[in-house]
Amino acid sequence: MERKLEKSLNPVLVLFMALGLTVGIWVNVEHWWIGVTGPSIALAFVVCAILLIPIALVYAELTPAIPYAGGEVYYTGAAFGPGIAFWVGWTQLLPYLAMPAFIVMATVEVTSFLLGAQTRSLKNA
């Protein structure tokens, strides 16, 4: 019996999930990035966007070819075996552990801005 993943997200939900994950961090650190790099950050974003196109194309090919839950770990296991997939899974854990700290920083920064509080932030560091 072949298992298939059921589509439960529509494009609008995926868009808002992606925006929510990136905008929260961006709001917190954008003034610091611009202060450190100056206007060259615009060029950096363009270069990064161009470099991400092949990655997006790979995901576009792998998702219908290997329609199982597990994402990068499953794709790596199918291509390189379970040993490499194990290490990919553990290296993915690191960003998942660090992300809550950035989300808390962004929440505190935005809340203090909205409430008019004077706080020490990255722009003053």
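In case you missed it, the structure is sitting above this.
Structural notes, computed from the coordinates. This structure is a prediction, so every number in the text was calculated from the model and none was measured.

The rules behind each value
- Residues numbered from 1 in each chain as written.
- Predicted model: local features only at pLDDT ≥ 70, side-chain atom pairs only at ≥ 80, totals over all residues.
- Heavy atoms only, no water.
- Helix = DSSP H or I, 4+ residues; strand = E, 2+ residues; numbered from the N terminus.
- Contact = heavy atoms within 4.5 Å.
- Areas by Shrake-Rupley, 256 points an atom, 1.4 Å probe, with all protein chains shown as cover.
- Axes fitted to C-alpha atoms, helices over the stretch in contact; angles between N-to-C directions.
- Parallel < 35°, antiparallel > 145°, perpendicular 65-115°, else oblique.
- Left-handed = near helix turned anticlockwise from the far one by under 90°.
- Nonpolar A, V, L, I, M, F, W, Y, C, P; charged D, E, K, R; others polar.
- Patch = residues over 30% accessible without salt bridge, like charges linked within 9 Å, V, L, I, M, F, W, Y side chains within 5 Å.
- Salt bridge = Lys/Arg side-chain N within 4 Å of Asp/Glu carboxyl O.
- Phe/Tyr/Trp six-rings, centres within 6.5 Å; stacked < 30°, edge-to-face > 60°.
- Buried < 20%, exposed > 50% of the residue type's maximum accessible area, 1.4 Å probe, protein only.
- Polar contact = N/O pair within 3.5 Å; in protein donor to acceptor, adjacent residues only side chain to side chain.
- Expected span 1.5 Å × (residues − 1).
- Bend = angle between axes of the 7 residues up to and from the residue.

So, the overall build of the chain
- Regarding its fold elements, the chain presents four helices and zero strands.
- From first element to last, N terminus to C terminus, the chain shows the α and β order α-α-α-α.
- The contacts of the chain with a sequence gap of at least 6 include a subset with a gap of at least 24, amounting to 44%.
- As displayed, the chain has an accessible area near 10100 Å², and 75% of this comes from carbon and sulfur atoms.

Some words on the packing of helix H3 (residues 71-80) against helix H4 (residues 82-115)
- Direction vectors running N to C along H3 and H4 enclose 160°, while the axes themselves pass 7 Å from each other. By the angle between their axes, H3 is roughly antiparallel relative to H4. The hand of the H3/H4 crossing is right-handed. On the side of H3, the interface is formed by Glu 72, Val 73, Thr 76, Gly 77 and Phe 80, while H4 contributes Pro 82, Ile 84, Ala 85, Val 88, Gly 89 and Gln 92.
- Across the contact of H3 with H4, the residue classes break down as six nonpolar, four polar and one charged.

Comments concerning a nonpolar patch on the surface
- The grouping of Phe 86, Trp 87, Trp 90, Leu 93, Leu 94, Tyr 96 and Leu 97 at the surface amounts to a nonpolar patch, some 850 Å² of accessible area in total.
- In this fold, Leu 94 is placed in helix H4.

A word on the packing of aromatic side chains
- This model, assessed by the stated rule, comprises three aromatic pairs.
- With a centroid separation of 6.4 Å and an interplanar angle of 65°, the aromatic rings of Tyr 59 and Tyr 75 are classed as edge-to-face. Linking Tyr 59 in helix H2 (residues 40-65) with Tyr 75 in helix H3, this pair joins segments that are 16 residues apart in sequence.
- Taking the relative accessible area as the measure of exposure, Tyr 59 reaches 33% and is therefore partly exposed.
- Ring pairing ties together the aromatic residues Phe 86, Trp 87 and Trp 90, which thus form one cluster.

A closer look at the environment of Ser 40
- Along the polypeptide, Ser 40 turns up in helix H2.
- Of the residues examined, Ser 40 reaches a relative accessible area of 42% and is grouped as partly exposed.
- Within the structure, the side chain of Ser 40 is placed 2.9 Å from the backbone oxygen of Thr 37, a separation counted as a polar contact.

Some thoughts on H2
- For H2, spanning 26 residues, the distance from its first C-alpha to its last is 39 Å, which sits close to the expected 38 Å at 1.5 Å a residue.
- By the largest-angle criterion, Ile 53 marks the main kink of H2, which is about 30°, and a proline, Pro 54, follows within four residues.

Points about the side chain of Thr 76
- Along the polypeptide, Thr 76 turns up in helix H3.
- Classification of Thr 76 as buried rests on a relative accessible area of 13%.
- Excluding anything up to four places from it in sequence, Thr 76 contacts Gly 81, Ile 84, Ala 85 and Val 88.

Things to note about H4
- For H4, spanning 34 residues, the distance from its first C-alpha to its last is 50 Å, which sits close to the expected 50 Å at 1.5 Å a residue.
- Of all the bends in H4, the greatest, near 25°, is centred on Met 99, and the proline Pro 100 appears no more than four residues after it.
- For H4, the full list of buried residues reads Ala 85, Gln 92, Ala 106, Glu 109 and Ser 112.
- With its phi angle positive at about 75°, Gly 116 sits one or two positions after the end of H4.

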